[in-house]
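What follows is the residue order along each chain.
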Amino acid sequence: MPIATPEVYNEMLDRAKAGKFAYPAINVTSSQTLHAALRGFAEAESDGIVQISTGGAEFLGGQYSKDMVTGAVALAEYAHIVAEKYPVNIALHTDHCPKDKLDGYVRPLLAISEERVKSGRDPLFQSHMWDGSAETLADNLAIAQELLVRTSAARIILEVEITPTGGEEDGVSHEINDKLYTTVEDAIRTAEALGLGDKGRYLLAASFGNVHGVYKPGNVVLRPDLLKELNEGVAAKFGRPAGSQPFDFVFHGGSGSTEEEIRTALENGVVKMNIDTDTQYAFTRPVADHMFKNYDGVLKVDGEVGSKKTYDPRTWGKPAEASMAKRVLEACGNLRSTGTKIK
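Residues numbered from 1 in each chain as written. Predicted model: local features only at pLDDT ≥ 70, side-chain atom pairs only at ≥ 80, totals over all residues. Heavy atoms only, no water.

Engineer: If you had to explain the overall build of the chain to someone new, which residues and values would you point to?
Structural biologist: When helices and strands are counted, the chain shows 13 helices and 10 strands. Oriented by its inertia axes, the alpha-carbon framework of the chain measures out at about 75 × 50 × 40 Å. For the chain, buried positions account for 55% of its 343 residues. For the chain, the share of sequence-separated contacts (at least 6 apart) that also reach a separation of at least 24 residues comes to 74%. Counting 37 positive and 48 negative side-chain charges, the chain places the centres of these two groups 5 Å from one another. (Helix = DSSP H or I, 4+ residues; strand = E, 2+ residues; numbered from the N terminus. Buried < 20%, exposed > 50% of the residue type's maximum accessible area, 1.4 Å probe, protein only. Contact = heavy atoms within 4.5 Å. Lys, Arg positive; Asp, Glu negative; His and termini not counted. Charge placed at Lys NZ, Arg CZ, Asp CG, Glu CD.)

Engineer: Kindly report on helix α5 (residues 106-118), identifying the contributing residues and their values.
Structural biologist: Spanning 13 residues, α5 covers 18 Å between terminal C-alpha atoms, matching the ideal 18 Å at 1.5 Å per step. Among the residues of α5, those classed as buried are Val-106, Leu-109, Leu-110, Ser-113 and Arg-116. Each buried residue of α5 sits inside an arc of 120° when the element is viewed along its axis, so together they form one side. Considering only its buried residues, α5 is in contact with α4 (68-82), β3 (90-94), β4 (127-131) and α6 (137-153). A positive backbone phi angle near 90° is found at Gly-120, which sits one or two residues after α5. (Expected span 1.5 Å × (residues − 1). Arc of directions from axis to C-beta.)

Engineer: Kindly report on the environment of Ser-255, identifying the contributing residues and their values.
Structural biologist: As for its placement among the helices and strands, Ser-255 is situated in the loop between β9 (249-251) and α9 (259-267). Taking relative accessible area as the criterion, Ser-255 reaches 9% and is therefore assigned buried.

Engineer: So what about the nonpolar core? Which residues, and what values?
Structural biologist: If you look at the biggest cluster of nonpolar residues, it comprises 79 residues, and the most contacted ones within it are Phe-41, Tyr-105, Val-160 and Phe-247. No other element matches the eight residues that α4 contributes to this core. When residues no more than four places from it in sequence are discounted, the contact partners of Val-160 are Trp-130, Ala-144, Leu-194, Tyr-202, Leu-203, Leu-204 and Ala-205. Counting 16 residues, the second-largest nonpolar core is a separate cluster that includes Ala-16, Ala-25, Ile-157 and Ala-205. (Core = buried A, V, L, I, M, F, W, Y, C linked by side-chain atoms within 4.5 Å.)

Engineer: Give me the environment of Met-291: which residues, what numbers.
Structural biologist: You can see Met-291 is positioned in helix α10 (residues 277-293). For the pair formed by Met-291 and Trp-316, sequence separation is 25 residues and the distance between their alpha carbons is 8.3 Å. When near neighbours in sequence (up to four residues on either side) are disregarded, Met-291 contacts Val-298 and Trp-316.

Engineer: Explain α4 to me, using residue names and the numbers behind them.
Structural biologist: Between its first and last C-alpha, α4 extends 21 Å over 15 residues, near the 21 Å set by a 1.5 Å rise per residue. Among all positions in α4, only Met-68, Val-69, Gly-71, Ala-72, Val-73, Leu-75, Ala-76, Ala-79, His-80 and Val-82 are buried. One side-chain oxygen at the N-terminal end of α4 lies 3.3 Å from the backbone nitrogen of Val-69; it belongs to Asp-67. (Polar contact = N/O pair within 3.5 Å; in protein donor to acceptor, adjacent residues only side chain to side chain.)

Engineer: Just give me the short version of the confidence of the model for the chain, but keep the residues and values in it.
Structural biologist: Of the residues in the chain, 93% reach a pLDDT of 70 or more, and the chain-wide mean stands at 93. With pLDDT under 50 throughout, residues 172-177 is counted as low confidence; its partners more than four residues away or in other chains account for 15 contacts. (pLDDT = per-residue confidence, 0-100.)

Engineer: Before we move on, could you go through the packing of aromatic side chains and cite the residues and values that matter?
Structural biologist: Given two aromatic rings, their pairing is described by the distance between the two centres and the angle made by the two planes. Evaluation of the coordinates by the stated rule reveals three aromatic pairs. Consider the rings of Phe-21 and Tyr-23, whose centres lie 5.4 Å apart with planes at 85°: the pair is edge-to-face. On the basis of relative accessible area, Tyr-23 is assigned to the buried category, the value being 0%. Judged by centre distance (5.6 Å) and plane angle (50°), the ring pair of Phe-247 and Phe-249 falls under tilted. Judged by relative accessible area, which is 1%, Phe-247 ranks as buried. Classification of Phe-249 by relative accessible area gives buried; the value is 0%. (Phe/Tyr/Trp six-rings, centres within 6.5 Å; stacked < 30°, edge-to-face > 60°.)

Engineer: Can you lay out the packing of α4 against α5 for me, pointing to particular residues and giving the numbers?
Structural biologist: At a minimum axis separation of 10 Å, α4 and α5 run at an interaxial angle of 40°. Judged by the inter-axis angle, α4 sits oblique to α5. Facing Val-69, Ala-72, Val-73, Glu-77 and His-80 of α4, the residues of α5 in contact are Pro-108, Leu-109, Ile-112 and Arg-116. Grouping the constituent residues of the contact of α4 with α5 by class yields six nonpolar, one polar and two charged. (Axes fitted to C-alpha atoms, helices over the stretch in contact; angles between N-to-C directions. Parallel < 35°, antiparallel > 145°, perpendicular 65-115°, else oblique. Nonpolar A, V, L, I, M, F, W, Y, C, P; charged D, E, K, R; others polar.)

Engineer: Explain the pattern of salt bridges residue by residue, including any values.
Structural biologist: Here the structure, examined in full by the defined rule, presents 18 salt bridges. Close ionic contact of Arg-201 with Asp-248 constitutes a salt bridge, the shortest N to O distance being 3.1 Å. With Arg-201 in the loop between α7 (184-194) and β8 (202-205) and Asp-248 in the loop between α8 (226-237) and β9, this residue pair connects regions lying 47 residues apart in the sequence. Glu-267 serves as the salt-bridge partner of Arg-336, at 3.0 Å between the closest nitrogen and oxygen. Note that Arg-336 is positioned in the segment after α13 (313-334) and Glu-267 in helix α9, a separation of 69 residues in sequence. One connected set of salt bridges, linked through shared partners, spans Asp-14, Lys-17, Arg-201 and Asp-248. (Salt bridge = Lys/Arg side-chain N within 4 Å of Asp/Glu carboxyl O.)

What follows is the structure in structure tokens.
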């Protein structure tokens, strides 16, 4: 199937919300990790989301110029071609973009999609993330309002992060403390500024103790039940029926979460869960295994010639792809998206 159209992407999110499941959003940094993500979704018979962070886009742009826009556009165009060979719908998304990188990343990519839409084509990306968690909430929402006008007109969904996620990702870091929990007041101010779908669709990355990166059990206290409080508070404020879920939530920093925590998040409106740390490790682990086991083949030790078959990138790249695809397949099972692809 081709990359999801705006209509299909909206249908994907609606189905996830109604069915109490979420799509894994897999960060990719190469054509090979892209194929690993696509393969995992296909094997799970799940539609999904592939995303590129600013750091990932810079890496994709090549280390000579390190141009984020070039890297993101190149992989997106590549994805539009190769995704047709996989029997699932895939949405393309740009991950965390802080204020100082908006002009070098999201805004130029938005401009490209705006021109595509003007010419009768679909946008290049289906959603973009604005990470204003390092700003005051007032400044964060002001920029979100500006971006929402543009994304809505370009048939793109905006993702906003209104309060911090702990840890570090692509140079944006926050301490692990009590500020990692969004309040009902924060949620109400967001709805007042961005509407509840009437001004354009957006995904909300609220904080409930989330932390990027690797952490051991007990080091982080996740409260996915907080999402229910946010929905209830906003529903009451804006006259929505009791039990309604005004927000489409995103689960950031999900690596290492328990099945119970994930299940609670899904019941409370999470439709997208970012997965990067676990899939990075899944990709790298077989490579390390190959290098250790074939040390004298991948290196020309003591003047020997080595073994071309062992240092050929395809030799270790294939198990790396298979391992990452397996982790994506597992994520689909955890998030209940297995077998839910749109026919």
